[in-house]
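Residue-level structural notes
Below are the chains, spelled out letter by letter.
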Amino acid sequence: MATAAGRLLIIEDDHFMREALVLAFRTEGFEVRSYEHGLAIENVLENFVPDAAIIDLNLQEGMDGLGLTRRVRSWGDIPVILVSGSPHVEDRLEGFRAGVDDFLVKPFSMAELRARVGVVLRRSNRRQQRTLEVGDIIIDVSSHLATRSGETLSLRNLEFRMLEMFCRHPGQVLSKVQILEKVWGYAFSDVNLVEVHVSHLRRELERKGPRVIHTIRSVGYVLQPDRFGEQHADETLRGRVDWDQPEPLAGIGA
């Protein structure tokens, strides 16, 4: 079976435009999911994590393209191209502030859109490491597969994204607010969500080996497979002894 050129999410409320986009990209070998609005965006992303998304700025139902861009980007480093009939510079600036990678004004050439999708995918592939390995944990981001000690981990999507986040920042203590922002896309929610999902993630990881996600009291959590026990990790944090900190999460406060 031929490998798809990529996984593409299209949210466009104009029926004829949506069908034209689907046809054009499926012809190019993409696996495409298309919707006229983003009312069920959480359910969509639970079952289909795209390599890129094309989103209309002005939608008739649900969130507009800016809100959907923020929500899609909260699920991972997914490039977004925003399309709009508006020629106003301010709309483009709002789009870039929301995190879009490109902005295309209607009407546009389908060939140009295909080229722009190719550009954002190449850029994303360069900056996004597709396989992560921390200790005996290996994550294949492309296939959405995680293993420990060679055995597949059974993780729900939120827990997979949480493990990916920890593996991109091994040794870095992450507060519950940071985790909410990075995994859920917003910080103003119940931090008990984090505790529940960390507990589920730990349970699955510890079926394959010793504890690797440690609690730092009154601070947060850290993935530290080379340390032994939460007490040791906590003492190391307090004393700032040989604690190699990766770069902090961009745009996220403690």
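For the structure, see preceding data.
These notes cover the structure that comes with them.

What counts and what doesn't
- Residues numbered from 1 in each chain as written.
- Predicted model: local features only at pLDDT ≥ 70, side-chain atom pairs only at ≥ 80, totals over all residues.
- Heavy atoms only, no water.
- Helix = DSSP H or I, 4+ residues; strand = E, 2+ residues; numbered from the N terminus.
- Buried < 20%, exposed > 50% of the residue type's maximum accessible area, 1.4 Å probe, protein only.
- Core = buried A, V, L, I, M, F, W, Y, C linked by side-chain atoms within 4.5 Å.
- Contact = heavy atoms within 4.5 Å.
- Pairing = 2+ DSSP bridges.
- Axes fitted to C-alpha atoms, helices over the stretch in contact; angles between N-to-C directions.

The amide bond that connects K106 to the next residue, P107, takes the cis arrangement and shows omega of -10 degrees. By the element assignment, P107 lies in the loop between β5 (102-105) and α5 (110-127). Within the chain, S149 stands out as a residue other than glycine whose phi angle is a positive 55 degrees. Mapped onto the elements, S149 comes out in the loop between β8 (145-148) and β9 (151-152). Taking relative accessible area as the criterion, S149 reaches 43% and is therefore assigned partly exposed. Even without glycine at this site, S218 takes up a positive phi of about 65 degrees. Within the secondary structure, S218 sits in the loop between β10 (213-216) and β11 (220-223).

Our focus in this paragraph is the nonpolar core. Judged by nonpolar contacts, the single largest core of 28 residues is most densely connected at I139, M162, L163, F166, I179 and I213. Mapped onto this core, the elements with two or more residues apiece are β6 (131-134), β7 (137-140), α6 (157-168), α7 (176-184), α8 (192-205) and β11. Per element, the largest residue contribution to this core is seven residues, and it comes from α6. Sequence-distant contacts of L163, that is, excluding residues within four places in its chain, are made with I137, I139, A146, L153, L155, L201 and L205. Judged by nonpolar contacts, the second largest core, of 20 residues, contains L59, L66, W75 and L82.

Okay, the sheet that holds strand β3 (residues 52-56) next. With parallel pairing, five strands are arranged side by side in an open sheet as β2-β1-β3-β4-β5. Both outer strands of the open sheet, β2 (31-35) and β5, are each paired with one neighbouring strand and no more. Averaged over all adjacent pairs, the angle separating strand axes in this sheet is 15 degrees, with direction ignored. Relative to β5, strand β4 (residues 80-84) runs parallel, the two being bridged by four bridges. Across the sheet, V83 pairs through a bridge with L104, a residue of β5.

What follows is about the environment of V117. The topology assignment puts V117 in helix α5. A residue is classified by how much of its surface remains accessible, and V117, at 1% relative accessible area, is buried. It is 9.3 Å that separates the C-alpha atoms of V117 and L8, two residues lying 109 residues apart in sequence. The residues touching V117, leaving out its near neighbours within four places in the chain, are F25, F30, I54 and I81.

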